[in-house]
Amino acid sequence: MKTGLNIVILTGSGISAESGIPTFRASDGTWHNHKVEDVASPEGFSRNPSLVHEFYNARRQHLLSGDVEPNAAHDALARLEREHDGDVVLITQNVDDLHERAGSTSVLHMHGELLKIRCNTCGTVFPTDQPTTIESVCDACAGVGSLRPDIVWFGEMPFHMDVIEQALSKADLFASIGTSGVVYPAAGFYQIAAAGGAETIEINLEATGSRFDETFVGRASETVPEWVDLTLS
Ligand code: BV8
């Protein structure tokens, strides 16, 4: 592998599947037994905020339960960041903290984070490991019922898009790991990177049909460490 390459990585829920976190599009088309528009949209939140708080409280509790740990794929990406002699930018659509727990240091959570909440009134973002409800009080402005998950819902602008677009334009290598490539703008990142001259690869249980230069098929906990070994060799 040539030295000093700029590597940009995008991960999706497939990288956390073997850690025990259900992927977004389960086969029955629902997501944790809910319709997406009811639990991952601003309209759904204004229609029934308690349902949305419960939805994210349950996922946060599962993440913090002790049953969910980073897997070998998360560990391998942290090793790539430590050992690669060029830039490694890690973008994730996931809202879990498994990349950080595996040792990745600068993770761009473009869809937000389960362990953060935001006040709709004053905009303050807090770390949290506690459930939130419509009675929760904002510690910054004392607003009652003004807290929401610090999550990007459908129809909302993803976070860090300026940094992401910069990184994609400078990428020499773009790797998409464990994502079905259905949700935009993330699904279009490989095309932006390719337009900037990057080689693009996909690592997934099955090829998604998007036009990557190369596809590695297999479980992330096996294929990602193999790809990192290859990239560092
Ligand atoms: C926006 C919240 C603009 C966090 C999420 C038509 C065309 C283009 C776009 C649109 C359109 N209609 C609507 C849109 C926009 C919309 C969109 O893309 N809709 C889709 C459904 C068509 N996008 C948006 O609304 C985005 N915002 O566009 O804003 C804008 C402009 C101006 C002003 C304002 C706004 C916001 C999108 C973010 C939505 N939030 N989640 C949360 O609660 O989790 S998205 C949700 O999908 C999750 O974040 C998830 O990460 C993400 C992507 O899903 P995947 O991670 O890919 O998961 P999935 O199950 O689909 O796939 C898993 C993959 O893993 C599979 O391929 C599987 O094979 C693989 N796998 C499984 N196991 C393994 C594995 N691989 C390896 N190893 C394994 N073991």
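Right above here is the structure, for reference.
I will try to describe carefully the structure that is included in this document. (Residues numbered from 1 in each chain as written. Predicted model: local features only at pLDDT ≥ 70, side-chain atom pairs only at ≥ 80, totals over all residues. Heavy atoms only, no water.)

**What about the overall build of the protein chain?**
Part 1 of the reasoning: Assigned secondary structure in the protein chain consists of 8 helices and 9 strands.
Part 2 of the reasoning: Expected size for 233 residues packed as a compact globule is a radius of gyration near 17 Å; at 18 Å, the protein chain falls within 12% of this value.
Part 3 of the reasoning: In terms of overall dimensions, the protein chain has a C-alpha envelope of 55 × 35 × 30 Å along the principal axes.
Part 4 of the reasoning: Buried positions account for 48% of the 233 residues belonging to the protein chain.
Part 5 of the reasoning: Carbon together with sulfur atoms contributes 51% to the accessible area of the protein chain, which is approximately 11000 Å² in total.
Part 6 of the reasoning: Averaging the locations of the 15 positively and 33 negatively charged side chains of the protein chain gives two centres separated by 3 Å. (Helix = DSSP H or I, 4+ residues; strand = E, 2+ residues; numbered from the N terminus. Rg over C-alpha atoms; globule rule 2.2 N^0.38 Å. Buried < 20%, exposed > 50% of the residue type's maximum accessible area, 1.4 Å probe, protein only. Areas by Shrake-Rupley, 256 points an atom, 1.4 Å probe, with all protein chains shown as cover. Lys, Arg positive; Asp, Glu negative; His and termini not counted. Charge placed at Lys NZ, Arg CZ, Asp CG, Glu CD.)

**A closer look at the sheet that holds strand β5 (residues 125–127)**
Part 1 of the reasoning: The sheet built from 3 strands is open, its strands ordered β5-β4-β6 with antiparallel pairing. On the outer flanks of this sheet lie β5 and β6 (147–151), each paired with one strand and no other. For this sheet the average axis-to-axis angle between neighbouring strands, irrespective of direction, equals 40°.
Part 2 of the reasoning: Of the pairings in the sheet, the one linking strand β4 (residues 112–119) to β5 comprises 3 bridges and is antiparallel in character. Counterpart to Arg-118 in the pairing with β5 is Val-125.
Part 3 of the reasoning: With respect to the sheet, helix α3 (residues 49–63) is in contact with β4 and β6, its orientation differing from that of β4 by roughly 135°. (Pairing = 2+ DSSP bridges. Axes fitted to C-alpha atoms, helices over the stretch in contact; angles between N-to-C directions. Contact = heavy atoms within 4.5 Å.)

**Section: the pattern of salt bridges**
Part 1 of the reasoning: Following the criterion strictly, the structure yields 10 salt bridges and no others.
Part 2 of the reasoning: As a salt-bridge pair, Glu-113 and Lys-116 come within 2.9 Å of each other at their nearest N and O atoms.
Part 3 of the reasoning: A relative accessible area of 21% places Glu-113 in the partly exposed class.
Part 4 of the reasoning: A cluster of three or more residues bridged by salt bridges with shared partners is formed by Glu-18, Arg-219 and Glu-222. (Salt bridge = Lys/Arg side-chain N within 4 Å of Asp/Glu carboxyl O.)

**Some thoughts on the state of the cysteines**
Part 1 of the reasoning: Overall, the coordinates contain 0 disulfides when judged by the stated rule.
Part 2 of the reasoning: The cysteine Cys-122 is free of any disulfide, with Cys-119 supplying the nearest cysteine sulfur at 3.7 Å.
Part 3 of the reasoning: For Cys-122, a relative accessible area of 36% translates into the label partly exposed. (Disulfide = S-S within 2.5 Å.)

**What about the packing of aromatic side chains?**
In this description, an aromatic ring pair is defined by two values, namely the gap between the centres and the angle between the planes.
Part 1 of the reasoning: Counted by the stated rule, this structure contains 5 aromatic pairs.
Part 2 of the reasoning: Their ring planes at 40° and their centres at 5.2 Å tell us that Phe-45 and Trp-153 sit as a pair that is tilted. Linking Phe-45 in helix α2 (residues 42–47) with Trp-153 in the loop between β6 and α6 (161–170), this pair joins segments that are 108 residues apart in sequence.
Part 3 of the reasoning: Put simply, the rings of Phe-45, Phe-55, Tyr-56 and Trp-153 pair up and form one aromatic cluster.
Part 4 of the reasoning: The positively charged end of Arg-148 is found above the aromatic ring belonging to Trp-153, 3.8 Å away from the centroid. (Phe/Tyr/Trp six-rings, centres within 6.5 Å; stacked < 30°, edge-to-face > 60°. Lys NZ or Arg CZ within 6 Å of the ring centre and 35° of its normal.)

**Section: α3**
Part 1 of the reasoning: Taking 1.5 Å of rise per residue, 15 residues should cover 21 Å, and α3 covers 21 Å from first to last C-alpha, within 8% of that figure.
Part 2 of the reasoning: Its buried side turned inward, α3 meets α1 (36–39), α2, α5 (98–102), β4 and β6. (Expected span 1.5 Å × (residues − 1).)

**Re the site of the ligand**
Part 1 of the reasoning: By nearness alone, 35 residues border the ligand, and Arg-25, Gly-155, Thr-179, Ser-180 and Tyr-184 come closest of all.
Part 2 of the reasoning: Take Phe-24: an N or O atom from its main chain is 3.0 Å from an oxygen atom of the ligand.
Part 3 of the reasoning: With respect to the ligand, the backbone of Val-152 contributes an N or O atom lying 2.8 Å from a nitrogen atom.
Part 4 of the reasoning: For the ligand, whose unbound accessible area comes to 1500 Å², protein coverage reaches 73%.
Part 5 of the reasoning: Here the shell around the ligand is built from residues that sort into 16 nonpolar, 13 polar and 6 charged. (Near = heavy atom within 4 Å. Polar contact = N/O pair within 3.5 Å; in protein donor to acceptor, adjacent residues only side chain to side chain. Nonpolar A, V, L, I, M, F, W, Y, C, P; charged D, E, K, R; others polar.)

Any functional reading would require information that these geometric values do not contain.
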